[in-house]
Every structure is written in structure tokens, then in C-alpha cells.
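The chain contents come next:
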Amino acid sequence: MDRGIKSVPKDVEAGAIVAHKLTNLVKAGANHDFDAMLAMKEIRTKGLPVHISGVIDLTGSMYDDINFVSTGVAQFLQRYTDALPANVTNSLGNQFLRVSGATVKVRDIDCDQDESFEMTLFNRVLPETFVKKSTNYTTADTSGGGGNVGESQLLGLLMSLGIPRSNPQIGHIFDRIRNIIVPEHLLRSQGNELTTSPNFDKFTRLYDEYAAYQRKPDMVYLVTDEPPKVQLGVDAAYIRRATQQGKLPKMIFFVRHYIQEWQQVAMDLGAEVFDLERAGDVGKADTTIVSDFMTKSFAQPLLSAINSALPMLSAPPTA
């Protein structure tokens, strides 16, 4: 056995492959290869898509934590392009990543009813736009709400996957949420079973638009300071069943308090838990702690997404 040979981590290997493909693309463009020049123009104008969604506990105690995590998300994405060879960033710039996905903001459906769910969609936006709009709220938006027994984070996590409502399990959940917000007897008395509330109708329209995206998220992060609350039967096992044969995205749960409870959910979903207490006082800690953790956890799906988006310009290896 050769003890001098060490296995190469998958993210390091994938990073080398992506950097090699980008370098070859830039070299081919410099040599006036038409396809390479066309691909480079598309990358500069439309960017390379990565697919990220977030689930945010939108209650008063979370205001600083959400901004803290979101800043870490931005640093994680920028760190990747900053590490690329200079000839690549000189030709393509260092802001060619584009984020598609959604941010699902949740409160407690049992307490907050019509204001329980909000969604913001993104389609090939700059990372800074994704981060800014994901945290586009004020302290007034997060004040109050949620009760004392946890928010609807697992419902939000299910919705972050963008599974169409034609899926019986997803359609069933939307019907039950609708009935909580506007009970069935009230719908019948109004004579219109399709009408619920302006807020939930808007959320449903946005969800359907998100579910129509061709690609689902490669990465999902969740931010909360409450325990995972099972509502309408939605727990980790329900989320797994709803995906059917689909592959779950890589997930990180940024949690303040209730670490053990979230670690059990994480184990069931192949996720990882970041203890926000490790980061120190709210709003005062160094956000590179978050970007370091995200780099470790999200590097592989990020690189896979970029790799699949890059044109296949290199000749296949010879035997």
C-alpha cells in the first residue's frame, strides 16, 4: 500500500475540472474559436446559473441572524469566482454567477394565518440581488408573530423544493393550508371555493411559477431559532416522500437553539446544522464563519451546477 497517495476530495477535484474548462474556454476564445467566443459572450451577459433557495423564519427575534447568514451566502458565492485563474476573471469578469431560486419566508400558520407565507422568486440574478431581496424587510416586518411553539419551517422547507401542486402530497398540503386560512364553511357561504385571501392567493401564484422552473435548487438553506414544528403531518419523512424519486438538494440549517432537534431532521434529510451560537453575539460576529461553513458544505453542488452549465468545448480524453 502506498501511504504517500491521498484521496482527493470531490469538491477539490470538481473545482479543478471547472477551472480547467473555464480556462480552456477563454483560451479558445482568444484564438477566435467561434463557439467559444459565443459561449463567452453568453456567460458575460446571462451568466452561469446556480440554483439556491432559502427558508427564513420571519419573526422578530430573527432579524440580525437573517442578515448575518445572508451576508455569508454572498461571501461564499464571491469567494468562488475570486479563486479562479486571473485569465478567466480578466475575460469573463468575477460576477458571472447568476442565482435562480426562491426565498420562502414563514411564520406560524396556526397564529399568523394569512401572513404565514411569503415567497420571492429569482431568475438568473446577481448574487448581491439575491441576497438583498432575500432580506428586503424591516424590523416592522419581523415584529411579533409566530406564537411560542415554533414557526412553519418544515412546511417552508417542503415548499422551497418547488414540487408542482399536481403532486398529490403537495396539492393536499395547499388545500389544508387554504382551509386553515379560510375555513371550508366560510368558503361555501361566500359561494366561491377558489377564493381564499389575497396574500395566500399571491403566494400560490408565485409557487406555481417557481414549480415551473426547469431546474430545482441545488442548495437550500434555512434560518430559524425555533424547534422544527410538525404541522399538517409534514416532517422530514413527508418531505422525502414528496420528492418521490427526485434527489434532495444539499441543505444547511442555520439554527439558534434547539440544535439536537434540528440535527435529527438533518440526519433524515442528509443536511448539516450550523449552530449560530458558535458565531457569537447576534450581529457582531465575523460572517466568514458562515461562508467557511457554506464553502465546506455547498462547494460540491455549486461546482456541479456550474460544470453542467458550461459548454462541452474540450475534446474528450483519449484512451
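About the thresholds
Counting starts from 1 at the beginning of each chain's written sequence and moves along it residue by residue. Selection of residues for local features in this predicted model requires a pLDDT of at least 70, selection of side-chain atom pairs for listing and counting requires 80 or more, and totals for whole chains, interfaces and linings are taken over all residues. Calculation of side-chain values draws on the structure's entire complement of heavy atoms; hydrogens and water are dropped beforehand. A pair of strands counts as paired when DSSP detects no fewer than two bridges linking them. Helix numbering and strand numbering both begin at the N terminus, where a helix is a DSSP run of H or I of at least 4 residues and a strand a DSSP run of E of at least 2. Angles shown run from 0 to 180 degrees and are taken between the N-to-C directions of axes, each axis being a line fitted to C-alpha atoms and, for helices, limited to the stretch in contact. Any two residues whose heavy atoms approach within 4.5 Å are treated as being in contact. Whenever two N or O atoms come within 3.5 Å, that pair is a polar contact, provided that in protein one can donate a hydrogen and the other can accept it, and provided that, for residues adjacent in sequence, both atoms are side-chain atoms. Take a side-chain nitrogen of Lys or Arg and a carboxyl oxygen of Asp or Glu: if they are within 4 Å of each other, that pair is a salt bridge. Only protein chains enter the accessibility calculation, which uses a 1.4 Å probe; a residue whose area is less than 20% of its type maximum is buried, one above 50% is exposed, and one in between is partly exposed. Residue-level confidence of the predictor is summarised by pLDDT, bounded by 0 at the bottom and 100 at the top. Helices are assigned an expected span. That span is 1.5 Å times one less than the residue count. Directions drawn from the helix axis to the C-beta atoms are what define this arc. A pair of Phe, Tyr and Trp rings is counted when the ring centres sit within 6.5 Å of each other, with Trp represented by its six-membered ring. The angle between the planes then sorts it: under 30 degrees is stacked, over 60 is edge-to-face, the rest tilted. Two thresholds decide whether a charge sits over a ring: the Lys NZ or Arg CZ must be within 6 Å of the ring centre and within 35 degrees of the ring normal.

Colleague: What exactly am I supposed to notice about the sheet that holds strand β3 (residues 117–125) here?
Modeller: Backbone-to-backbone hydrogen bonds join strands into a sheet, with any given pair of strands oriented parallel or antiparallel. Taken together, six strands build an open sheet; the order of strands is β3-β2-β1-β4-β5-β6 and the sheet is mixed. Strands at the two margins of the open sheet, each flanked by one partner only, are β3 and β6 (272–275). Across the sheet, the mean angle from the axis of one strand to that of its neighbour is 15°, orientation sign disregarded. Relative to strand β2 (residues 97–106), strand β1 (residues 48–57) runs parallel, the two being bridged by eight bridges. Residue pairing across strands places D57 opposite V106, the latter belonging to β2. Helix α11 (residues 198–211) contacts β1, β2 and β3 of the sheet and is inclined by roughly 35° relative to β3. Seen against the sheet, helix α13 (residues 259–269) touches β4 (219–224), β5 (250–255) and β6 and runs at an angle of roughly 175° to β5.

Colleague: How should the side chain of Q231 be read in this particular structure?
Modeller: Summarising the element assignment, Q231 is placed in the loop between β4 and α12 (236–242). A polar atom in the side chain of Q231 sits 3.1 Å from the side chain of D108. The contacts of Q231, once residues within four sequence positions are left out, are D108, I109, D110, S152 and L155.

Colleague: What am I meant to see in the pattern of salt bridges here?
Modeller: Oppositely charged side chains can pair when the atoms bearing their charge come close. Inspection of the entire model under this criterion finds nine salt bridges. Between R256 and D65 there is a salt bridge, with the nearest N and O atoms lying 2.8 Å from each other. In this pair, R256 sits in the loop between β5 and α13 while D65 sits in helix α3 (residues 63–82), placing the two residues 191 residues apart along the sequence. Both residues of the pair, R256 and D65, belong to the buried class. Where R256 meets E277, a salt bridge forms, and the shortest distance between an N and an O atom there is 3.4 Å. Note that R256 is positioned in the loop between β5 and α13 and E277 in the loop between β6 and α14 (288–309), a separation of 21 residues in sequence. When salt bridges with common partners are traced through the structure, they connect D65, R256 and E277 into a single cluster.

Colleague: Before we go on, may I ask you to explain the pairing of β4 in this structure?
Modeller: A regular strand places its side chains so that they alternate between the two faces of the sheet. Most of β4 is tucked away: six of the six residues are buried. Side chains M219, Y221 and V223 project from β4 onto one buried face, and the interleaved V220, L222 and T224 project onto a second face that is buried too. Across five bridges, β1 lies against β4 in parallel orientation. Each bridged residue has a counterpart across the sheet, and for G54 the counterpart in β4 is Y221. Pairing analysis gives six bridges linking β4 to β5, with the strands arranged parallel. Paired with Y221 across the bridge in β5 is I252.

Colleague: What am I meant to see in the confidence of the model for the protein here?
Modeller: Residues shown with low pLDDT carry predicted positions that ought not to be read at fine detail. Mean pLDDT over the protein: 82, with 81% of residues reaching 70 or higher. Contacts of residues 1–8 to residues separated by more than four positions or lying in other chains number one contact, the stretch itself having pLDDT below 50. Between residues 313–319, whose pLDDT stays under 50, and residues either more than four places distant or in other chains, the model counts four contacts.

Colleague: Explain the pairing of β1 here, please?
Modeller: For β1, the buried fraction is high: 10 of the 10 residues fall into the buried class. Covered by surrounding structure in β1 are L48, V50, I52, G54 and I56 together with P49, H51, S53, V55 and D57, the residues of both alternating faces.

Colleague: Can you walk me through helix α2 (residues 34–46) in this structure?
Modeller: Residues that lie three or four places apart on an α-helix share one face, since the helix turns once every 3.6 residues. Here α2 spans 18 Å end to end across 13 residues, near enough to the 18 Å set by a 1.5 Å rise per residue. Taken together, the buried positions of α2 are A36, A39, M40 and I43. Relative to the axis of α2, the buried residues are bounded by an arc of 100° and lie together on one face. Exposed residues lying more than 90 degrees from the buried face of α2 are F34, K41 and T45. Looking at where α2 begins, the residue whose side-chain oxygen comes 3.1 Å from the main-chain nitrogen of D35 is D33. Of the residues one or two after α2, G47 is the one with positive phi, at around 80°.

Colleague: How do you make sense of the packing of aromatic side chains when you look at a structure like this?
Modeller: Each aromatic ring pair is summarised here by two numbers: the centre-to-centre distance and the angle between the ring planes. Per the counting criterion, the structure on display carries 11 aromatic pairs. An angle of 70° between the planes, with centres 4.8 Å apart, marks the rings of F122 and F130 as edge-to-face. The structure contains a cluster of three or more aromatic residues connected by ring pairs, namely F117, F174, F200, F203 and Y207. When the ring centre of F174 is taken as origin, the NZ or CZ atom of R165, which lies over that ring, is 5.6 Å away. Seen from the ring of F293, K296 lies directly overhead, with NZ or CZ sitting 4.6 Å from the centre.

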